[in-house]
Amino acid sequence: MSTGASNPEYVNARVRSRRASLFADEDYRKLVRMGPSEIARFMEETEYEREINALGTRFSGVDLIEYALNQNLARHFHDLLDWSDGRLYDLIARYLRKFDVWNLKTILRGIYTDSSPEDIRTDLIRAGELDDRTIDRLLEVDTIEDAIEVLGRTIYHDPLEVAYEEYEESHALVPLENALDRAFYERLLADIRGLDTPGSAGPQEGPRALYIEFLQAEIDFRNARNALRLARSGADLDPAAYYIDGGVLFTESELRQLVNRYDDLVDHIAANRRYGDRLSGALDRLRDADSLIQFEHAVDAALLEYADTLSSIYPVSVSAVLSYILAKEREIENIRAIARGREVGLSESEIEEELVIL
């Protein structure tokens with residue numbers, strides 16, 4: 001745990017500068033009309049120049065774009081940590097562990113689909129805390145059971161080991177992926193709530209409360225997304241069994257009741273004062289969604305809108321940093337979706353359906 005004074009004013013000034021360089025929605029509309037090589041050239045004229053130039057001699061096309069995106073994302077988030085001091089550093093570092101979960105999900109999916117280690121490596125984002133040695137060992141194993149064993153000294157081992165029994169029965173990755181999400185969010189919330197226990201040198205109530213509110217929103221929208229995904233998958237799985245504790249929007253029983261009643265699910269979100277008062281535009285998009293992918297994108301947009309609202313209400317706080325992290329992730333995912341869509345020959349309208357545009 002870092003000690004000493006935080007420096008939110010300095011970090012937020014740097015974050016505002018970085019956020020100003022993010023792609024605008026009009027940039028995405030330009031990109032959907034380009035092929036992979038044109039997209040790479042477009043990126044070379046932006047703040048992705050360093051990564052495109054460094055990787056351009058080894059990769060081309062979508063591979064070049066993928067590696068450049070992931071390296072750029074990791075660089076930006078390492079910069080956040082380099083800029084930050086004291087408790088602010090701790091709050092950001094704890095949140096960036098979400099990329100350990102991303103990488104572990106990516107590796108498990110790769111093993112599940114018998115992908116090559118190099119194909120899996122393309123999608124990894126080295127912005128978490130798992131060291132390169134552990135990642136490399138995971139890329140060498142051939143079975144999910146062996147991968148779980150490699151994680152023996154991490155917080156993910158025991159939840160994955162429990163979920164593995166259900167994986168063996170269902171042959172679906174959902175139990176394993178959900179176990180990773182649960183381990184991340186529930187451990188993070190417990191850590192943050194414990195920072196100001198008597199005798200500790202935890203953060204002041206304001207920063208801690210904002211951080212928890214942001215995490216609760218992520219959990220709430222992840223629960224809604226997971227529940228609807230399961231309900232529409234046709235799999236014989238109980239959505240409430242994949243409930244992540246710590247949000248404010250649903251109980252397990254409410255989630256079970258609402259998951260097959262879409263309009264009621266959106267009404268339930270709107271009725272919550274925390275979200276309903278701040279998410280009118282996003283809620284309209286949720287109501288208009290007529291497919292699972294549209295719902296998931298509307299949920300992502302709602303979380304972005306909520307994070308932006310928190311950062312505007314409390315501009316000198318960790319909220320602005322967390323909002324930027326989400327916005328940067330959105331940019332990476334949008335560019336990746338465009339490049340992959342162009343590679344497989346999707347139409348412009350089909351690609352646009354894959355984008356999260358506010």
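Just above, that's the structure.
Because the structure is predicted, anything quoted here is derived from the model rather than measured.

Let us now look at the overall build of the protein chain. Across its full length, the protein chain carries 20 helices and zero strands. Along the longest, intermediate and shortest principal axes, the C-alpha atoms of the protein chain span 55 × 50 × 45 Å. Considering the protein chain as a whole, with its 358 residues, one finds that 53% of them fall into the buried category. Pairs at least 24 residues apart make up 67% of the contacts formed inside the protein chain by residues separated by at least 6 positions. With the model as given, the accessible surface of the protein chain reaches about 16,400 Å², and the carbon-plus-sulfur share is 45%. Across the protein chain, the 42 positively charged side chains and the 70 negatively charged ones have centroids separated by 5 Å.

Take the packing of helix α18 (residues 292–313) against helix α19 (residues 318–343) next. For the pair α18 and α19, interaxial distance at closest approach is 8 Å and the crossing angle is 150°. With respect to α19, the axis of α18 lies roughly antiparallel. Our pair here, α18 against α19, has a crossing hand that is left-handed. For the pair formed by α18 and α19, the contact residues are Leu-303, Leu-304, Ala-307, Asp-308, Leu-310 and Ser-311 on the first element and Ser-319, Ala-320, Ser-323, Leu-326, Ala-327 and Arg-330 on the second.

Grouped burial of nonpolar side chains is what soluble globular proteins tend to show. In terms of nonpolar packing, the biggest core is built from 121 residues, with Tyr-95 and Ile-335 touching the most fellow members. Excluding residues that lie within four positions of it along the chain, Tyr-95 makes contacts with Phe-184, Leu-188, Tyr-211, Phe-214, Leu-215, Glu-218, Leu-322, Ile-325 and Leu-326.

With the rule as written, the count across this model stands at one cavity of 30 Å³ or more. What the largest cavity holds in volume is close to 30 Å³. The element contributing the most residues to the lining of the largest cavity is helix α12 (residues 174–194), with three residues. A breakdown of the residues in the lining of the largest cavity according to their chemical character gives four nonpolar, no polar and three charged.

Our focus in this paragraph is the environment of Glu-145. By the element assignment, Glu-145 lies in helix α10 (residues 144–150). Separated by 16 residues in sequence, Glu-145 and Glu-161 place their C-alpha atoms 8.2 Å apart.

Counted by the stated rule, this structure contains 26 salt bridges. When the shortest N-O distance is used, the salt bridge between Asp-308 and Arg-19 registers 2.9 Å. With Asp-308 in helix α18 and Arg-19 in helix α1 (residues 8–20), this pair connects stretches of sequence that are 289 residues apart. Arg-19 sits in the partly exposed class, given a relative accessible area of 27%. Asp-300 is the partner of Arg-225 in a salt bridge, and the nearest nitrogen-oxygen pair spans 2.3 Å. Taken together, the positions of Arg-225 in helix α13 (residues 205–233) and Asp-300 in helix α18 put the pair 75 residues apart, joining distant regions of the chain.

For helix α3 (residues 36–44), the set of buried residues is Ile-39, Ala-40, Phe-42 and Met-43. Within α3, the buried residues cover an arc of 160° as seen down the axis, which keeps them to one side. On its buried face, α3 is in contact with α2 (25–31), α4 (49–55), α5 (61–83) and α19.

Rules of the game
- Residues numbered from 1 in each chain as written.
- Predicted model: local features only at pLDDT ≥ 70, side-chain atom pairs only at ≥ 80, totals over all residues.
- Heavy atoms only, no water.
- Helix = DSSP H or I, 4+ residues; strand = E, 2+ residues; numbered from the N terminus.
- Buried < 20%, exposed > 50% of the residue type's maximum accessible area, 1.4 Å probe, protein only.
- Contact = heavy atoms within 4.5 Å.
- Areas by Shrake-Rupley, 256 points an atom, 1.4 Å probe, with all protein chains shown as cover.
- Lys, Arg positive; Asp, Glu negative; His and termini not counted.
- Charge placed at Lys NZ, Arg CZ, Asp CG, Glu CD.
- Axes fitted to C-alpha atoms, helices over the stretch in contact; angles between N-to-C directions.
- Parallel < 35°, antiparallel > 145°, perpendicular 65-115°, else oblique.
- Left-handed = near helix turned anticlockwise from the far one by under 90°.
- Core = buried A, V, L, I, M, F, W, Y, C linked by side-chain atoms within 4.5 Å.
- 1 Å grid on protein atoms, 1.4 Å probe; cavity = no way out; pocket = protein on both sides within 12 Å on 5 of 7 lines; lining within 4 Å.
- Points joined across faces, edges and corners; volume = space filled by probe spheres on them.
- Nonpolar A, V, L, I, M, F, W, Y, C, P; charged D, E, K, R; others polar.
- Salt bridge = Lys/Arg side-chain N within 4 Å of Asp/Glu carboxyl O.
- Arc of directions from axis to C-beta.

All quantities given are derived from atomic positions and should not be read as evidence of function.
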